[in-house]
Amino acid sequence: MTQHSIVNGLSVDVEDWFQVGAFEHTIKREDWDSLQLRVGDNVARILDLFDAAGVKATFFTLGWVAQRNPAAMRAIVERGHELASHGYDHTRVFTFSPQEFAEDLAKARTILEDAGGMAITGYRAPSFSIDARNPWAHEVLAEHGYAYSSSVAPVVHDHYGWREAPRFAFNPVSGSDLVEIPVTTAVFRGRRLAAGGGGFFRVLPYAFSRWAIRQVNRQDRRPAVFYFHPWEVDPDQPRVYGAPMRSRLRHYTNLSRMEDKLSDLLGEFAWGRMDALAEREAARSLDWAA
Ligand SMILES: [Zn+2]
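Remember, predicted model here, so these are calculated numbers, not experimental data.

Visitor: Would you explain the coordination of the zinc ion in this entry?
Guide: Ideal donor angles around a metal are set by the shape: a four-donor tetrahedron calls for 109.5 degrees, a six-donor octahedron for 90 or 180 degrees. Protein coordination at the zinc ion: the donors are Glu 15 (OE), His 86 (NE2) and His 90 (NE2), at 2.1 Å from the metal. Read from N- to C-terminus, the donor residues coordinating the zinc ion fall into the pattern E-x70-H-x3-H. With Glu 15 in the loop between strand E1 (7-14) and helix H1 (39-53) and His 90 in the loop between strand E3 (82-85) and helix H4 (98-116), this residue pair connects regions lying 75 residues apart in the sequence. As far as burial versus exposure is concerned, Glu 15 and His 90 are alike and both buried.

What follows is the structure, given as structure tokens:
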């Protein structure tokens, strides 16, 4: 039962279990090709979950993953979802020069469009890595004709965040139609809390996410933007023992409960693709150039 008329944005950041930021100092980039690929099976599981709930979503996918899982890319598109870009190999955008970022975008886009057979118009930066350090990244996205980005976490967090950024849709580049749709935050006692998914959804009780999305829909009267990863529905993934305890705790907590929790979330609120959400939000997005 859907309690609200507001359609929220549902997204999956498609990367494999060894490509997460938490393990970047433990698993070397050059070892990726020797590790077991699990993302294809996990995407299949997610597609079934979405069909059961009757929802469509956006899959922000790494070019690296699309190259190795073309069948999963076709399945995403054939089952009515949006395929969008998460860059080529999860390099954080603030580590690029503008030229390198443009090359990464183009490489990922070519691979994704070939694999999925649909135009790529949406982008999400790895680890929400567009912030006060690299506002030029939005200009590069605008130059390359992206319709929207969902790359900003307007909050302070230990790994990411752009605390001054607006909480809802904004136009980061004057003279361009590019819309930035930040990931959801809730406000508690005047402080912004990250509430759009990831570890927060998995580690905290479902009631926290329900409260946050209700606040956004009812008080702010705006859509929420939620994300999760294919490895989060995979309790049997290989364990990475060399990683820091804190990263391991965050990565492995409640994996086996994730699917049920997601079903609750999908059943309780209305969800849809990010491209459609960006189109609706464009009309009321704020002009905000850093
Ligand atoms: Zn990612």
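Visitor: Looking at this structure, how should I read the pattern of salt bridges?
Guide: A side chain with one charge can pair with a side chain of the opposite charge if their charged atoms come near. Evaluated as defined, the whole model comprises 16 salt bridges. Two residues, Arg 79 and Asp 48, come together in a salt bridge whose shortest N-O distance is 2.7 Å. In this pair, Arg 79 sits in the loop between helix H3 (70-78) and E3 while Asp 48 sits in helix H1, placing the two residues 31 residues apart along the sequence. The exposure class assigned to Asp 48 is partly exposed, which follows from its relative accessible area of 46%.

Visitor: I tried to follow the packing of helix H7 (residues 206-219) against helix H9 (residues 258-268) on my own but got confused; where do I start?
Guide: The angle between the axes and the distance between the axes are what describe a pair of packed helices. Closest axis-to-axis distance for the H7/H9 pair is 11 Å, and the angle between their directions is 25 degrees. Taken together, the axes of H7 and H9 lie roughly parallel to each other. Once H7 is placed against H9, the crossing between them reads as right-handed. The residues of H9 that touch H7, namely those facing Tyr 206, Arg 210, Ile 213 and Arg 214, are Lys 261, Asp 264, Leu 265 and Glu 268.

Reading the values: rules and limits
Residues numbered from 1 in each chain as written. Predicted model: local features only at pLDDT ≥ 70, side-chain atom pairs only at ≥ 80, totals over all residues. Heavy atoms only, no water. Donors = N, O, S within 2.8 Å, 3.2 Å for Na, K, Ca; no water. Helix = DSSP H or I, 4+ residues; strand = E, 2+ residues; numbered from the N terminus. Buried < 20%, exposed > 50% of the residue type's maximum accessible area, 1.4 Å probe, protein only. Salt bridge = Lys/Arg side-chain N within 4 Å of Asp/Glu carboxyl O. Axes fitted to C-alpha atoms, helices over the stretch in contact; angles between N-to-C directions. Parallel < 35°, antiparallel > 145°, perpendicular 65-115°, else oblique. Left-handed = near helix turned anticlockwise from the far one by under 90°. Contact = heavy atoms within 4.5 Å.

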